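Here is how the chains run, residue by residue.
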Number of protein chains: 2
Amino acid sequence: MAQSSYLNELKSKKLKATPKRLAILRVLSAASVYLGPQEIWEQLKKDFKKLGLPTVYRNLEELVDAGLVSRIIHPNRRLYYFLCENRLQHHHFICVQCGKVQDISFCAEAQLLQEVDQIYGGKILSHTLQVNGLCRCCLKH
Amino acid sequence: MAQSSYLNELKSKKLKATPKRLAILRVLSAASVYLGPQEIWEQLKKDFKKLGLPTVYRNLEELVDAGLVSRIIHPNRRLYYFLCENRLQHHHFICVQCGKVQDISFCAEAQLLQEVDQIYGGKILSHTLQVNGLCRCCLKH
DNA sequence: CATCTAAATAGAAATGATTTTCAATTGGAG
DNA sequence: CTCCAATTGAAAATCATTTCTATTTAGATG
Ligand SMILES: [Mn+2]
Ligand SMILES: [Mn+2]
Ligand SMILES: [Zn+2]
Ligand SMILES: [Zn+2]
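What counts and what doesn't
- Residues numbered from 1 in each chain as written.
- Chains lettered and ligands numbered in written order.
- Predicted model: local features only at pLDDT ≥ 70, side-chain atom pairs only at ≥ 80, totals over all residues.
- Heavy atoms only, no water.
- Helix = DSSP H or I, 4+ residues; strand = E, 2+ residues; numbered from the N terminus.
- Buried < 20%, exposed > 50% of the residue type's maximum accessible area, 1.4 Å probe, protein only.
- Areas by Shrake-Rupley, 256 points an atom, 1.4 Å probe, with all protein chains shown as cover.
- Lys, Arg positive; Asp, Glu negative; His and termini not counted.
- Charge placed at Lys NZ, Arg CZ, Asp CG, Glu CD.
- Domains from an automatic or database assignment.
- Contact = heavy atoms within 4.5 Å.
- Buried area = accessible area lost by both parts, 1.4 Å probe.
- Salt bridge = Lys/Arg side-chain N within 4 Å of Asp/Glu carboxyl O.
- Polar contact = N/O pair within 3.5 Å; in protein donor to acceptor, adjacent residues only side chain to side chain.
- Nonpolar A, V, L, I, M, F, W, Y, C, P; charged D, E, K, R; others polar.
- Pairing = 2+ DSSP bridges.
- Axes fitted to C-alpha atoms, helices over the stretch in contact; angles between N-to-C directions.
- Near = heavy atom within 4 Å.

Trainee: Help me understand the overall build of chain A in this model?
Mentor: In terms of helices and strands, chain A carries 6 helices and 5 strands. Listed by position from the N terminus, the elements making up chain A come as α-α-α-α-β-β-β-β-α-β-α. Across the 141 residues in chain A, those meeting the buried criterion constitute 45%. Looking at chain A as shown, the accessible area adds up to about 7,700 Å², and 52% of this sits on carbon and sulfur atoms. Taking the average place of the 20 positive charges on the side chains of chain A and the average place of its 12 negative ones, the gap between the two points comes to 9 Å.

Structural data, given as structure tokens:
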């Protein structure tokens, strides 16, 4: 995704385009795997002599809220983040070994809505669909 | 579920039917909502003068592994547990307000397998599908 | 019933990811 | 340039969960 695209999205979400926030986006954008806050922090400490880990945590969550970054809840229950070009609502297949993320085009939304809304009369606030496993590449080794 | 049914399932999973383990099952069985380890512990401290919180944590995970209890990852990212009579693979709609759990009969398994296995060549180890929201009852108030 | 062993437990301590606090800094609108 | 809300760093707190180890116990076996 282009840098200018980030800027527009940030502005529309009322997030300032601070150097650190942009750097976090840059790291995520360059990564081919999901990254944890700690990893992102360690990469960025090289570029900024001062950078607090809480800043990374805060920014990641803000970027998720803004819809720029997707959050992955690993089976180990730690949080990871991934910058996905695909802006449509979708889900992920994640490799627990190498960290690769692949889009799942299948979306359960309609069926879930049907069941929860029409049968139970409830209101869906969020849903998680995540598939964990080993990617083709990791399967070989 | 009948007590004797628990005993059989425990035995088949090589879990001893200890008084505390059975008590945990009893508490879960009596509950109409998902419960956290702490809550379960607090209820059981009345019955056992000695009962460690780690024991509750350990047992809950063992019971999940044994397939007797289902684990719920709340949007608040804490763990909750629920004893569901339905032993077939299925998912849940949980109310984030009152803790009610309702079965989602819809299962994405086939489609996910199709996509991950046949398109990506990966292997699914687990998948999470959970719907969070407000139940009919909580919606009214 | 007595014996025996792997499984289970208590209690205390450690863990470690995540969050909070608050004073100082800064982006960017006007 | 000014100004203020947003952002940040540093340190500390939180707090759910796990680990450790000595002790106890379920239940298999004879
Ligand atoms: Mn994606
Ligand atoms: Mn169920
Ligand atoms: Zn992989
Ligand atoms: Zn409810």
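Having seen the structure, we can now continue with the description.
Trainee: Would you take a moment to explain the domain arrangement of chain A for this structure?
Mentor: Many analyses report the size of an interface as the accessible area lost when the parts associate. Residue and element names in this part refer to chain A. By domain assignment, chain A separates into domain 1 (1-86) and domain 2 (88-141). At the interface, 11 residues of domain 1 touch 13 residues of domain 2. The largest per-residue losses of area from domain 1 upon contact with domain 2 belong to Y34, I72 and N86, which jointly make up 47% of the total buried on that side. The interface formed by domain 1 and domain 2 holds 0 salt bridges in total. Seen at the junction of domain 1 and domain 2, the total is 5 residue pairs in polar contact (both at pLDDT 80 or more). Here the side of domain 1 that touches domain 2 gets 3 residues from one element, more than from any other, and that element is strand β1 (residues 70-73). Considering only residue class, the side of domain 1 that touches domain 2 consists of 7 nonpolar, 4 polar and no charged.

Trainee: Looking at this structure, I do not really get the sheet that holds strand β3 (residues 91-95) of chain A. What am I missing?
Mentor: Hydrogen bonds between backbone groups are what pair the strands of a sheet, and the pairing can be parallel or antiparallel. Across the sheet, 6 strands lie side by side as β4(A)-β3(A)-β5(A)-β5(B)-β3(B)-β4(B); this open sheet has mixed pairing. The open sheet has two free edges, formed respectively by β4 (101-104) of chain A together with β4 (101-104) of chain B, since each of these has just one partner strand. Ignoring strand direction, the axes of neighbouring strands in this sheet form an average angle of 25 degrees. Where β3(A) meets β4(A), 4 bridges bridge the pair, whose relative direction is antiparallel. Within the sheet, the bridge partner assigned to H91(A) lies in β4(A) and is I104(A).

Trainee: Can you walk me through the protein's contact with DNA strand D in this structure?
Mentor: Every one of the 20 residues lining DNA strand D counts as a neighbour, but T18(A), K20(A), R21(A), K50(A) and T55(A) are closest to it. Between a phosphate oxygen of DNA strand D and a side-chain N or O atom of T18(A), the distance comes to 2.7 Å. Within the backbone of A17(B), one N or O atom sits 2.8 Å away from a phosphate oxygen of DNA strand D. Among the secondary structure elements, those contributing two or more residues to the surface near DNA strand D are α2 (19-30) and α4 (53-65) of chain A together with α4 (53-65) of chain B.

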